[in-house]
Amino acid sequence: MTSQDKSCEEERLLEALRRRNLLRGDCSLWGRPALRRIEAGHEPQRTVDATPLQKRFVACAYGTPSPGADLCASWVEQAFSRLGLGVVLGDARELCDGYCARTDTAALKVGMIVATSAHPFSAQGMAHGHVGLYVGDRLVMDCVAEGLRKVPLGLWLSAYGLVEDPRWGWLGGIGLD
């Protein structure tokens with residue numbers, strides 16, 4: 001993605017947030033930054049640097065169908081269960097609060113969940129948050145009403161970080177690195 005493409009995507013996001021009256025200047029109504037960028041020296045792990053187990057989890061995610069709208073945590077949990085390392089259950093807020101403590105993108109590894117405990121796009125989002133999976137190369141895969149998608153990390157952090165700061169960590173506390 002070129003810097004011009006990135007700038008256009010950021011502008012589209014900001015315009016969409018303005019239309020929903022979710023911004024006050026450069027911040028959200030909740031005082032969080034409207035745009036979150038990956039700073040130099042804080043790049044997350046690239047796919048090429050992932051371990052075989054991390055890559056297998058990403059492959060499991062690609063092979064796990066969407067369970068339906070508002071079931072982001074269920075999708076992540078189903079993909080993880082396919083690894084054979086156990087079953088972890090909870091809604092996005094519980095996964096975020098239970099397993100996500102990191103906020104420095106330099107600590108973000110392929111296969112970590114990326115979550116927020118609340119977002120303003122639906123009543124479900126405010127109550128239960130949202131969770132996705134970092135698949136490497138600055139991309140987050142998640143399950144939304146329209147199905148599965150991949151989103152640039154900076155845009156995902158910006159969109160879902162309006163109410164609470166996004167965090168990341170290993171699902172179930174089980175490191176895959």
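Heads up: the structure comes first, above all this text.
As the structure is a computational prediction, the values presented were derived from the model and not from experiment. Residue numbers here run from 1 along each chain, matching the order of that chain's written sequence. Thresholds applied to this predicted model are a pLDDT of at least 70 for local features of residues and 80 or more for the giving and counting of side-chain atom pairs; totals over whole chains, interfaces and linings are not thresholded and use all residues. Just so you know, side-chain values use all the structure's heavy atoms and leave hydrogens and water out.

**Some thoughts on the overall build of the protein chain**
For clarity, the cut-off: Counting from the N terminus, the helices are DSSP H or I runs at least four residues long and the strands are E runs at least two residues long. For this measure, only C-alpha atoms enter the radius of gyration; the expected value for a globule follows 2.2 Å times N^0.38, where N is the number of residues. Exposure is judged per residue with a 1.4 Å probe applied to protein chains only, and the accessible area is read against the type maximum: over 50% gives exposed, under 20% gives buried, and values in between give partly exposed. Throughout, a contact is declared for two residues whenever any of their heavy atoms are within 4.5 Å. Exposure was quantified through the Shrake-Rupley algorithm and a 1.4 Å probe, taking into account, for residues, occlusion by the shown protein chains and nothing else. Only four residue types enter the charge count: Lys and Arg as positive, Asp and Glu as negative, with His and the chain ends excluded. Where a charge lies is defined by one atom per residue type: Lys uses NZ, Arg uses CZ, Asp uses CG and Glu uses CD.
Within the protein chain, the secondary structure is distributed over six helices and seven strands. Here the C-alpha radius of gyration of the protein chain, 15 Å, is about what a compact globule of 177 residues would show, namely 16 Å. By the burial criterion, 45% of the 177 residues in the protein chain qualify as buried. Put simply, of all contacts in the protein chain between residues at least 6 apart along the chain, 60% involve residues at least 24 apart. When the accessible area of the protein chain is evaluated, it comes to approximately 8500 Å², of which 50% is carbon and sulfur surface. Put simply, the protein chain has 20 plus and 21 minus side-chain charges, and the middle of one group is 2 Å from the middle of the other.

**Observations concerning the pairing of strand S3 (residues 113-116)**
As a general feature of sheets, a regular strand has side chains that alternate between the two faces. Quick note on the threshold: Two strands form a pair only when DSSP identifies at least two bridges running between them.
Of the two faces of S3, the one lined by Ile113 and Ala115 and the one lined by Val114 and Thr116 are each fully buried. With four bridges connecting them, S3 and strand S4 (residues 130-136) associate as antiparallel partners. Residue pairing in the sheet places alanine 115 in a bridge with valine 131 of S4. When S3 meets strand S7 (residues 167-169), the two strands line up antiparallel, connected through three bridges. What sits directly across from valine 114, in S7, is tryptophan 168.

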